[in-house]
Amino acid sequence: MNIFVFIKRVPDTESKIRLQPETKSVAMDGLNFVISPYDEYAVEEALRLKGKTGGEVRVIAVGKEDSLVILRKCLAMGADEAVLVKDDADETFDGLRTSRIIAALMKNKYASHDLLLFGKQAVGVDNAQVPSMVAELLGLPAANVVTKLDIDGPNGTALREIEGGLEKVTFSLPAVVSAQKGLNEPRYETLKGIMAAKKKQIPVVTPEELGLAPSDLDSRVEITGIDLPPGRQAGKILQGDPAEAAKSLVDLLHREAKVI
Amino acid sequence: MLSVFIEVRDGKAKKGSLEVLSEAGRLADALGTDVVAAMAGPVPEDAFSEVFAYGASKIYSLENPRLGSYSSQGFAIALGAFVREVRPEALFFAATAMGKDLAPRVAARLGVSMASDCTKTAVKGDAIEFTRPIYAGKALLSVRLKSSPLVATFRPNVFALRPPEGKPGERIAMPVDVPESAVRGLAAGVIIEQGGEIDVTEADIIVSGGRGMKAPENFALLQELSAVLPRSAVGASRSAVDSGWIGHQHQVGQTGKTVSPAVYMAFGISGAIQHLAGISSSKYIVAVNKDPEAPIFKVADYGIVGDLFEVIPPLKEALKKAIAES
């Protein structure tokens, strides 16, 4: 089975976000960067599937050269190959732009593919667009926000999270699946894996080599502003014993907040 | 003309879709245009009248036997045909599980970029500006889309419903061609979680537990509290979920769900930055924690410094009484 996993480099979830209003962007200096947490579940699932059915796991990042670090981490986890699609653009928030690049890569370089795995969204941009968009551009079925995945020959079954339950999705390969927390527990890299990963070459592909014209790389999302959310104020601390405090809380929710 | 995809679950139009319809109506008023609805597959009669009541001037009912159960491929083909035929300037979705799955596929099919999970819209000149949380709510990004039609999803529980005073309008049956070979993935059923409770993203009230709950069995206290409260759900912090005390679908915060209930009650949750980001659009935050220095108190509207195990029982009784009396 030819499995492809798409990963993104993001600030870790503990990051304090600072804004640069003059460029309408988030300041990236001083942040700690990681592989987007949901992507890690996708990598782990790919490695487990390979363990069961055999095949190859290729991990792809679309981004600047600094994405090599997370690609190497995936090699250390056990991926067979890592590829960087070098895209020097700053964050565009345009999921279709990224999806065009990935679709061009798959059509031009990896026409033989069985499973494309993604995280359900990149932490930070929080778009959750690319898996569905890539699926559409390549004419593939997709199961998104998946917590359980079974592949049986040419068919797959996934459980995906919906409001108050799980939806079972059946599909045939090739297909797109995006991972939700709960799908698995990602493994740690082994020392041996880290050493082996250091020696591996990571091929670099450019969008031009994939036949993409500059106009394909234009962002169609115009950023008009970036703000911090309105700050919240510390409110009232309710006094008294637990029963009294509970009673004043209900009174306030009823009379002041009018929500009960 | 603006258009809204209306999701039907269990024979009813989703509340989130009606919220989008309401917001699209406000935008249409400002732009001097109207709103139509698109629905796919078999639609019960009641759902049609609800959609008219919330402001659709017309409903396009997209028909094909292959739209009987949900598939993003089949629904995207149907909506693609709708857009080509009707030519709306915008197509909006609720950012529900289905909307998040479907909207990007439709956008890619139409070759347009989109805005996900918007929490605010504004008319600027003759354009619509979309504002959406990024970094789970640590920042807000405003965008305009430079492609047409505009495609966007709107977060549930954020936009106010309009009074359901719309008059019944025209219903247009639109048969669409959905080739069998084009649909290779299909929703084959739903497994409802025990209790059939509503999701944290849709709840009006969330009672949420963190490390201070101490043990998995203590989440029963929160379930009992939730049972007293209408349209409520049980939430959890990342550490409670990572300890295996409750399923991850309950997790609120940056690697869980971003929520906007009327009241968020945090029991034994200290308030890590990822968690606070995920609850920042709650209307009211209540915190119960033993530690008076816990960061959650810096954002809580009402706080009780104390032992949650002593607070929950009288709180449940007081809430029960208040709800019975109101």
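Residues numbered from 1 in each chain as written. Chains lettered and ligands numbered in written order. Predicted model: local features only at pLDDT ≥ 70, side-chain atom pairs only at ≥ 80, totals over all residues. Heavy atoms only, no water.

Participant: An account of the overall build of chain A is needed here, citing residue identities and associated values.
Facilitator: Within chain A, the regular secondary structure consists of six helices and 15 strands. Dimensions of chain A, computed from the C-alpha atoms along their principal axes, are close to 65 × 45 × 40 Å. Across the 260 residues that make up chain A, the buried fraction comes to 54%. For chain A, long-range pairs separated by at least 24 residues make up 69% of all intrachain contacts whose partners lie at least 6 apart in sequence. Counting every atom, chain A has about 11,100 Å² of accessible surface; 50% of that belongs to carbon and sulfur. (Helix = DSSP H or I, 4+ residues; strand = E, 2+ residues; numbered from the N terminus. Buried < 20%, exposed > 50% of the residue type's maximum accessible area, 1.4 Å probe, protein only. Contact = heavy atoms within 4.5 Å. Areas by Shrake-Rupley, 256 points an atom, 1.4 Å probe, with all protein chains shown as cover.)

Participant: How would you sum up the packing of helix α6 (residues 242-255) of chain A against helix α8 (residues 308-325) of chain B? Please name residues and give values.
Facilitator: As a packed pair, α6(A) and α8(B) sit with axes 8 Å apart at the nearest point and diverge in direction by 40°. In this structure, the crossing between α6(A) and α8(B) has a hand that is right-handed. Contacts from Pro242(A), Ala243(A), Ala246(A), Leu249(A) and Val250(A) in α6(A) reach Glu310(B), Val311(B), Pro314(B), Leu315(B), Ala318(B), Leu319(B) and Ala322(B) in α8(B). When its residues are assigned to classes, the contact of α6(A) with α8(B) shows 11 nonpolar, no polar and one charged. (Axes fitted to C-alpha atoms, helices over the stretch in contact; angles between N-to-C directions. Left-handed = near helix turned anticlockwise from the far one by under 90°. Nonpolar A, V, L, I, M, F, W, Y, C, P; charged D, E, K, R; others polar.)

Participant: Give me the sheet that holds strand β15 (residues 232-236) of chain B: which residues, what numbers.
Facilitator: In space, the six strands of this open sheet follow the order β15(A)-β18(B)-β17(B)-β16(B)-β14(B)-β15(B), with parallel pairing throughout. The two strands at the open ends of the sheet, each matched to only one other strand, are β15 (236-237) of chain A together with β15 of chain B. Summarising the sheet, strand β17 (residues 284-289) of chain B and strand β18 (residues 302-305) of chain B pair through four bridges and their orientation is parallel. From the neighbouring strand, Val288(B) faces β18(B), where its bridge partner is Ile304(B). (Pairing = 2+ DSSP bridges.)

Participant: Tell me about the domain arrangement of chain B, and please be specific about residues and values.
Facilitator: Residue and element names in this part refer to chain B. Split into domains, chain B comes out as domain 1 (2-182) and domain 2 (205-325). With centres defined by C-alpha atoms, the gap from domain 1 to domain 2 works out at 32 Å. On the side of domain 2, 11 residues touch domain 1, which itself brings nine residues to the contact. Roughly 740 Å² of surface becomes buried between domain 1 and domain 2 when both sides are summed, with 47% attributable to carbon and sulfur atoms. Of all residues in domain 1, Ala136, Lys138 and Arg155 bury the most surface against domain 2, accounting for 62% of the area lost on that side. For the pair domain 1 and domain 2, the interface holds zero salt bridges. The interface formed by domain 1 and domain 2 contains one residue pair in polar contact (both at pLDDT 80 or more). The residue inventory of the side of domain 1 that touches domain 2, partitioned by class, reads four nonpolar, two polar and three charged. (Domains from an automatic or database assignment. Buried area = accessible area lost by both parts, 1.4 Å probe. Salt bridge = Lys/Arg side-chain N within 4 Å of Asp/Glu carboxyl O. Polar contact = N/O pair within 3.5 Å; in protein donor to acceptor, adjacent residues only side chain to side chain.)

Participant: Explain the interface of chain A and chain B to me, using residue names and the numbers behind them.
Facilitator: With 85 residues of chain A in contact, the opposing surface of chain B contributes 92 residues. Across the chain A to chain B interface the summed buried area is about 7,100 Å²; carbon plus sulfur atoms make up 57%. Summed over the shared surface of chain A and chain B, the result is seven salt bridges. Where Arg109(B) meets Glu136(A), a salt bridge forms, and the shortest distance between an N and an O atom there is 2.8 Å. Linking chain A to chain B there are 52 residue pairs in polar contact (both at pLDDT 80 or more). Here the element with the most residues in the side of chain A that touches chain B is α6(A); it accounts for nine residues. Each residue belonging to the side of chain A that touches chain B can be placed in one class, and the counts come to 45 nonpolar, 21 polar and 19 charged. Sheet topology places β15(A) next to β18(B); two bridges connect them, and they run parallel. What sits directly across from Lys236(A), in β18(B), is Tyr302(B).

Participant: Give a description of the sheet that holds strand β7 (residues 81-86) of chain A that names residues and reports values.
Facilitator: Taking strand neighbours across the sheet as the criterion, the 10 strands line up as β13(A)-β7(A)-β6(A)-β1(A)-β8(A)-β12(A)-β9(A)-β10(A)-β11(A)-β13(B) in an open arrangement whose pairing is mixed. Strands at the two margins of the open sheet, each flanked by one partner only, are β13 (204-205) of chain A together with β13 (185-192) of chain B. Here strand β9 (residues 142-152) of chain A runs beside strand β10 (residues 155-162) of chain A; their pairing, made up of six bridges, is antiparallel. Counted as the bridge partner of Asp152(A) is Asn155(A) from β10(A). Against the sheet, helix α4 (residues 130-138) of chain A makes contact with β8 (115-119), β9 and β12 (175-179) of chain A, and its axis sits at roughly 155° relative to β8(A), the strand it touches most. The strands touched by helix α4 (residues 97-110) of chain B are β9 and β10 of chain A; relative to β10(A), the strand with the most contacts, the crossing angle is about 120°.

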